Structures are given as C-alpha cells and as structure tokens.
Amino acid sequence: MPKQEAPEITWEEVSARDPASIILVDVRDEIAYQHGSLPGAVCLDRDTILADAVTLPAGKTVICFCMWGVLSKEAADHLCSKGVCAYSLKGGYAQWLRRELAHEAEDTERRDKIEESLRRKFHKELFTPFAQAVCRYNLVEPGDKIAVCISGGKDSMLMAKLFQELKRHNKFPFELVFLVMDPGYSPVNRAVIESNAKLLGVPIQIFETDIFESVFHVEKSPCYLCARMRRGHLYHQAQQLGCNKIALGHHYDDVIETTLMSMLYGAEVRTMMPKLHSQNFAGMELIRPLYLIREDDIKRWRDYHHLHFIQCACKFTDSCTTCHTDGTTSSKRLEIKNLIRRMKQDNPQVESNLFKSMENVNLDTVISYRKGGKTHHFLEEY
C-alpha cells in the first residue's frame, strides 16, 4: 500500500479557513509548547500521534506544526494514512513567528503598555519577587556592572525589562549591559530575538560564536557541552566589557525542579543557587534574579501582551528534536513537572515546601554532606 503523504499548507491558507473547521496541533513536546505556540493550538506530541494514542475531533481538518515543519510532516503523514484530513504547516512555528514580529517592532505605544504593566498589573507577581530576590540574596550591589544575558526566551526577556525597571528606581548606582550571544542561530531565530528586543526597548549587544557548529556532531551529551561553552563565552565577553556579574533567567520552578531531579536522578541533594562565584573567571559572579518568580506568572505576562519568544533555537531544535543534556533530560524534566503537578493536587503547598526545604536543612539529621570538596560524616561528631 503506497505511503500516504500529507500536503503542506501556508499560514495564509490556514487563516482563510473557518476557524471552527480546523484544529491546530503542536507536535512538539510540552516544554517547547509552553515556551510559545500558535494561538489556540493544542499540544499533541509526535510520538503520541504515531502511537495512535490520541482521539481527534471528528470532521475537523488537522493542521500539524512544529518549529520548522519536519516533525509535523511525519505526524501529518501518519494521520493521513489513518484517514484523517491533515496538513503540515509550511515553515512551521518559526516562520509564523518571524512574520508576526516583523510589524510589531516599531509599536512604541505597545512597549509603553508592557512597561506600565510591570508597575501595575504584574507588579505583585513579577517586580516585587524580583526586588525581593535582589535584596534577600544581595544580587545587585552599588558599583556593579551586570551583563544581563538574553537567550531570546520569555524568562531572559522579562529579566531584562525588570532590570530596566529596577534601574529606573535608581536607589544606588549600577550599570547594565544587555548581552546576547549568537552561538550559530538560524537567520529566522536571530531575527526573532532582534525584533523582540526592539519591541521591548531592550538595547542588546550581540556577539557571535560558532558553538552550535562545534557541538553539532558530538554524540555524547552535546547540550551539556554546549551549555558549558556558552556560559564560558558569556563570562569572557562580560569580563571584556568590564562587568563583574552575569545574570541568568532561571526562575522559582527551575529551582524546585532541579532540586527534585538531583534527588531522584542524581542521588544527591543539591539546588540551583541564587548566586555563585565563577571558578574560572576571577572576580566574576553569576546571579539569578528571577529566583522567586513563578513560571506561570511569567507566562501570564507573556500571554497578556501576546508576546512570542523562541525556546532554545540550537541546531537540534532547528531540526525539530528536543534539547537534551544526556539524551533524556528533557523527558526527565517533564516527568518532574508532571510529578509536582500531581502532588500539588493533594498538597497545594508542595512547591513552596520543596523550595523552603533547601533553606531549612537540619544537619543533625544528615548522614553525610560535602563542603569545600571534603565529605563529612555524622559519626565524626557522634
């Protein structure tokens, strides 16, 4: 029996159809979907579709899409072979996003509304915990010159706006550099970052590296190596610009998920620290000013303003696979997210308890611990 092939369809053709007659299906995983997707789309990942583990509404045309139109073609082909009227969106989410942003960058009135919302509508959820983290962990101090590292995602872009708001208060002198590293982005993804920065009024400085090319053919843990190299380049560039700190956009949910992952998959108790001294760049520190901000609040801010950001944009995600550290990290993080979500149904305080537990370690009840590279055992003082 000849293989069924789904036709491609452009966004213009999709837009011309009756919205009630179609269903937009994002075939990427949930993490990619949560970073940003087409308006009204549902998330049904490719593996679920290929396993025939999904029931689609009868009588509707299914428009499958992914980042670039690779995985979506495979999923749409499979649905066609099952008798479903399915298409693959040509150019995928990336092409739609670039087109969407092209006419938004000059909208200064919209930029003013976004900034105003951080002072009013989202002040309690976003700026207040940002300022609390800055004060509680001494993240910003007089005389600092901070490289605000922007990856192009929702978290780092919000961090840039919050830093601008903090600077507006001008309680003590410090400087900001909004730093974007291009490790080999595709032209589309770079254009998305530049468009968003222009829309949000963030004066980014871009420097280029060939990191993606360097790790693309690495078989074992390419994303771990990529992350290490990217951080090293960020430290180096920031130091060259006279900065003493780099700021990354990890948030509250990243902290508790990393804590739980380290216990369940790494067999150790460790967390993501709000600030760290660099081991390789003397006098440099890493800070995480979104440490107390919930991811759901970041999403609400993004969606309220109809903002669209990229996820990772490396060559692996460009080819519609998911970014991994050891081949399974993305699925593990998704497992942890789902585990926390299930536990929260029985205990609404589970997230805050996980977070607070890292600030409430009782060493009298710990069998052994490491400090300064040395392991200590409870029998030493028993």
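K.L.:
Would you take a moment to explain the overall build of the protein for this structure?
P.N.:
Looking only at helices and strands, one finds 16 helices and 13 strands in the protein. The principal-axis extents of the C-alpha atoms in the protein amount to approximately 75 × 55 × 45 Å. The burial tally for the protein puts 47% of its 382 residues in the buried class. Considering only contacts within the protein whose residues lie at least 6 apart along the sequence, 74% involve residues at least 24 apart. When the accessible surface of the protein is summed, it comes to about 19,600 Å², and 51% of that surface belongs to carbon and sulfur atoms.

K.L.:
Explain the packing of helix H8 (residues 154-169) against helix H13 (residues 295-304) to me, please; I cannot follow it from the model alone.
P.N.:
Relative placement of two packed helices is described by the angle separating their axes and the distance separating the axes. Put simply, H8 and H13 touch, their axes get as near as 10 Å, and they point 80° apart. The orientation of H8 relative to H13 falls into the category roughly perpendicular. Residues Lys-154, Asp-155 and Leu-158 of H8 form the contact with H13, whose participating residues are Glu-295, Ile-298, Lys-299, Trp-301 and Arg-302. Its residues placed into classes, the contact of H8 with H13 shows three nonpolar, no polar and five charged.

K.L.:
Got a minute to help me understand the nonpolar core in this structure?
P.N.:
Note that soluble globular proteins tend to have their nonpolar side chains buried in a common cluster. If you look at the biggest cluster of nonpolar residues, it comprises 89 residues, and the most contacted ones within it are Leu-38, Leu-126, Phe-130, Leu-162, Phe-163, Ile-246 and Trp-301. The residues touching Leu-162, leaving out its near neighbours within four places in the chain, are Leu-118, Leu-126, Phe-127, Phe-130, Leu-290 and Ile-293.

K.L.:
What is the right way to look at the side chain of Arg-28 in this model?
P.N.:
Relative to the helices and strands, Arg-28 resides in the loop between strand E2 (22-26) and helix H2 (30-35). Looking at Arg-28, its side chain comes within polar contact range of the side chain of Asp-26, at 2.7 Å. Only 2.7 Å separates the side chain of Arg-28 from the backbone oxygen of Gly-36, close enough to count as a polar contact. Filtering out sequence-adjacent residues up to four positions away, Arg-28 remains in contact with Tyr-33, Gly-36, Ser-37, Cys-43, Asp-45, Cys-66, Met-67 and Tyr-93.

K.L.:
For this particular structure, what's the right way to read helix H12 (residues 252-266)?
P.N.:
Think of an α-helix as 3.6 residues a turn; residues three or four steps apart then line up on the same face. Spanning 15 residues, H12 covers 20 Å between terminal C-alpha atoms, matching the ideal 21 Å at 1.5 Å per step. Considered for burial, the residues of H12 that qualify are Tyr-252, Asp-253, Asp-254, Val-255, Ile-256, Glu-257, Thr-258, Thr-259, Leu-260, Met-261 and Ser-262. A positive phi of about 55° marks Ala-267, the residue just after H12.

Reading the values: rules and limits
Residues numbered from 1 in each chain as written. Predicted model: local features only at pLDDT ≥ 70, side-chain atom pairs only at ≥ 80, totals over all residues. Heavy atoms only, no water. Helix = DSSP H or I, 4+ residues; strand = E, 2+ residues; numbered from the N terminus. Buried < 20%, exposed > 50% of the residue type's maximum accessible area, 1.4 Å probe, protein only. Contact = heavy atoms within 4.5 Å. Areas by Shrake-Rupley, 256 points an atom, 1.4 Å probe, with all protein chains shown as cover. Axes fitted to C-alpha atoms, helices over the stretch in contact; angles between N-to-C directions. Parallel < 35°, antiparallel > 145°, perpendicular 65-115°, else oblique. Nonpolar A, V, L, I, M, F, W, Y, C, P; charged D, E, K, R; others polar. Core = buried A, V, L, I, M, F, W, Y, C linked by side-chain atoms within 4.5 Å. Polar contact = N/O pair within 3.5 Å; in protein donor to acceptor, adjacent residues only side chain to side chain. Expected span 1.5 Å × (residues − 1).

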